[in-house]
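# A look at the structure
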Amino acid sequence: MDRTGIIVVSLCVILLVVWFGVEQKYSSQMPRQQTATNAVAAPKLEAENPIAASPAPGVPPVFVFDTNMPEELKVITNAHARYTFTSRGGGLKSVELLDFPETVSPRWKKEVAANGVATLNTRAAVPVLAILGAPDLIGDGSFTLTGTDDGVRAGKSLQTDCAS
C-alpha cells in the first residue's frame, strides 16, 4: 500500500471515531429533549368561554347528534364514485369508488370479487366535513340537505341573540 492509500484509510478511521463520539453525545441528549417536548401543559378551563374549553389530552371529543330525528341521506353519483351526504353534521358520510373492487384477488385466480366496491369513511364516527362545535353554534347537529345543480347544500337556521 502506498502513502496515499495509508492516508485515506487513516482519515476514514479518524472520521468514524469522531462520528461515533458525536452520535453518542446526541443520543444521550435525546431523552431529555423528548421529555421537554412531550410535556403537556394543563388546559385552562374558563367558565366564560365554553368553546375554549378542551377535553383532556389523548381523549377524543364526543360528538352527540340528535338521534331522535331521522337521518336524511342524499346520494350523488358520477361515473367514478357514489357520494352519500348525511344531515347529521351536514357532512359526507361515505364515498364508494365504483372503479375499484373492495378486495383484490391474486392474479392467478381469474374470478372477480363480487363483494362490492372500495369505500371511504365507512366506519368513521363522524362524517367528513361535518360542522362540529359547541351546542350554541350547531344546535342539535341536524342540518337540512338541499340538492343543487352541482352538489348538495347543508343548511341550518340558527337563533341569534342580538342585544343592542
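Structure report, in brief. (Residues numbered from 1 in each chain as written. Predicted model: local features only at pLDDT ≥ 70, side-chain atom pairs only at ≥ 80, totals over all residues. Heavy atoms only, no water.)

## A short note on the overall build of the protein
Within the protein, the regular secondary structure consists of two helices and six strands. For the protein, buried positions account for 13% of its 164 residues. Per element, the accessible surface of the protein, about 13,400 Å² overall, is 60% carbon and sulfur. (Helix = DSSP H or I, 4+ residues; strand = E, 2+ residues; numbered from the N terminus. Buried < 20%, exposed > 50% of the residue type's maximum accessible area, 1.4 Å probe, protein only. Areas by Shrake-Rupley, 256 points an atom, 1.4 Å probe, with all protein chains shown as cover.)

## Regarding the sheet that holds strand 1 (residues 73-77)
The strand order 1-2-3-4 describes an open sheet built from four strands, whose pairing is antiparallel. In this open sheet, the two edge strands, each paired with only one partner strand, are strand 1 and strand 4 (117-120). Ignoring which end each strand starts from, the neighbouring axes of this sheet average 20° apart. Where strand 2 (residues 81-86) meets strand 3 (residues 92-101), five bridges bridge the pair, whose relative direction is antiparallel. In the strand pairing of strand 3, Y83 is matched with V95. (Pairing = 2+ DSSP bridges. Axes fitted to C-alpha atoms, helices over the stretch in contact; angles between N-to-C directions.)

## Considering the packing of aromatic side chains
Overall, the coordinates contain zero aromatic pairs when judged by the stated rule. Looking at K25, its charged tip hangs above the ring of Y26, at a distance of 5.7 Å from the centre. Here the guanidinium or amino end of K156 rests over the ring plane of F143, the centre of that ring lying 5.7 Å away. (Phe/Tyr/Trp six-rings, centres within 6.5 Å; stacked < 30°, edge-to-face > 60°. Lys NZ or Arg CZ within 6 Å of the ring centre and 35° of its normal.)

## Some points on the pattern of salt bridges
Counted by the stated rule, this structure contains three salt bridges. Salt-bridge contacts for E71 lead to R88; the nearest nitrogen and oxygen are separated by 3.9 Å. Taken together, the residues span a long stretch of sequence, with E71 in the loop between helix 1 (3-38) and strand 1 and R88 in the loop between strand 2 and strand 3 at a distance of 17 residues. Judged by relative accessible area, E71 falls into the partly exposed class, the value being 30%. (Salt bridge = Lys/Arg side-chain N within 4 Å of Asp/Glu carboxyl O.)

## So, a nonpolar patch on the surface
Together, I7, L11, I14, V18, V22 and Y26 give the surface a local cluster of nonpolar side chains, amounting to about 570 Å² of exposed area. Looking at the secondary structure, you find V22 in helix 1. (Patch = residues over 30% accessible without salt bridge, like charges linked within 9 Å, V, L, I, M, F, W, Y side chains within 5 Å.)

## Side note on the side chain of S94
One can find S94 in strand 3. Using a relative accessible area of 13% as the deciding quantity, one classes S94 as buried. Contact partners of S94, with chain neighbours within four places excluded, come to R82, Y83, T84, L120 and N121. (Contact = heavy atoms within 4.5 Å.)

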